[in-house]
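Residue-level structural notes
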Amino acid sequence: GFAVHRNLQGEGIGQVVLRTLVDAAFQRGGDEVMVHAPCSIERFYLREGFTPWGEQFLEAGIAYVEMHKPL
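Residues numbered from 1 in each chain as written. Predicted model: local features only at pLDDT ≥ 70, side-chain atom pairs only at ≥ 80, totals over all residues. Heavy atoms only, no water.

**Comments concerning the overall build of the protein chain**
Looking only at helices and strands, the protein chain has two helices and three strands in total. Order of helices (α) and strands (β) in the protein chain, N terminus to C terminus: α-β-α-β-β. Here the C-alpha radius of gyration of the protein chain, 12 Å, is about what a compact globule of 71 residues would show, namely 11 Å. Along the longest, intermediate and shortest principal axes, the C-alpha atoms of the protein chain span 35 × 30 × 20 Å. Expressed as a percentage of the 71 residues in the protein chain, the buried residues total 24%. For the protein chain, long-range pairs separated by at least 24 residues make up 49% of all intrachain contacts whose partners lie at least 6 apart in sequence. Of the roughly 5,400 Å² of accessible surface on the protein chain, a fraction of 53% belongs to carbon and sulfur atoms. Of the charged side chains in the protein chain, 6 are positive and 9 negative; the average position of the first set lies 8 Å away from that of the second. (Helix = DSSP H or I, 4+ residues; strand = E, 2+ residues; numbered from the N terminus. Rg over C-alpha atoms; globule rule 2.2 N^0.38 Å. Buried < 20%, exposed > 50% of the residue type's maximum accessible area, 1.4 Å probe, protein only. Contact = heavy atoms within 4.5 Å. Areas by Shrake-Rupley, 256 points an atom, 1.4 Å probe, with all protein chains shown as cover. Lys, Arg positive; Asp, Glu negative; His and termini not counted. Charge placed at Lys NZ, Arg CZ, Asp CG, Glu CD.)

This is the structure we're talking about:
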């Protein structure tokens, strides 16, 4: 996982980091990327082409959803 400091959110940094990681997975021959996305930022992952998979779950008191993106 990764995080962007609250003061820098909305600057496109998270998008650059995520796209770089997805590209690295593609370059390694992967056919799909899976993340545990905090439900509070699910829309961020939806905009990047990820699809929710299964039910929400809790980790350390935070709601997450598994999301997948084909490469």
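**Some thoughts on the pattern of salt bridges**
Summed over all chains, the structure comprises one salt bridge. Here Glu48 ties to Arg19 by a salt bridge, and the two come within 2.8 Å at their closest N and O atoms. Of this pair, Glu48 sits in the loop between helix 2 (42-47) and strand 2 (51-59) while Arg19 sits in helix 1 (residues 13-27); the two residues are 29 residues apart in sequence, bridging distant segments of the chain. You can call Glu48 buried: its relative accessible area is 8%. (Salt bridge = Lys/Arg side-chain N within 4 Å of Asp/Glu carboxyl O.)

**A short note on the sheet that holds strand 3 (residues 62-70)**
The sheet built from three strands is open, its strands ordered 1-3-2 with antiparallel pairing. Unpaired on one side and paired on the other, strand 1 (32-38) and strand 2 mark the two borders of the sheet. Neighbouring strand axes in the sheet, compared pairwise and without regard to direction, differ in orientation by 20 degrees on average. Strand direction decides the pairing type here: strand 2 and strand 3, joined by six bridges, are antiparallel. When the bridges of strand 3 are listed, Glu59 appears paired with Ile62. (Pairing = 2+ DSSP bridges. Axes fitted to C-alpha atoms, helices over the stretch in contact; angles between N-to-C directions.)

**Digging into the nonpolar core**
Nonpolar side chains in soluble globular proteins tend to end up buried together. Core analysis: the biggest nonpolar cluster contains 11 residues, these being Leu18, Val22, Val33, Val35, Ala37, Cys39, Phe44, Tyr45, Phe50, Val65 and Met67. When residues of this core are traced back to their parent elements, those giving at least two are helix 1, strand 1, helix 2 and strand 3. Ranked by the residues each element gives to this core, the list is headed by strand 1, at three residues. Those residues in contact with Phe50 that lie beyond four places of it in its chain are Leu18, Val22, Val33, Val35, Tyr45, Met67, His68 and Lys69. (Core = buried A, V, L, I, M, F, W, Y, C linked by side-chain atoms within 4.5 Å.)

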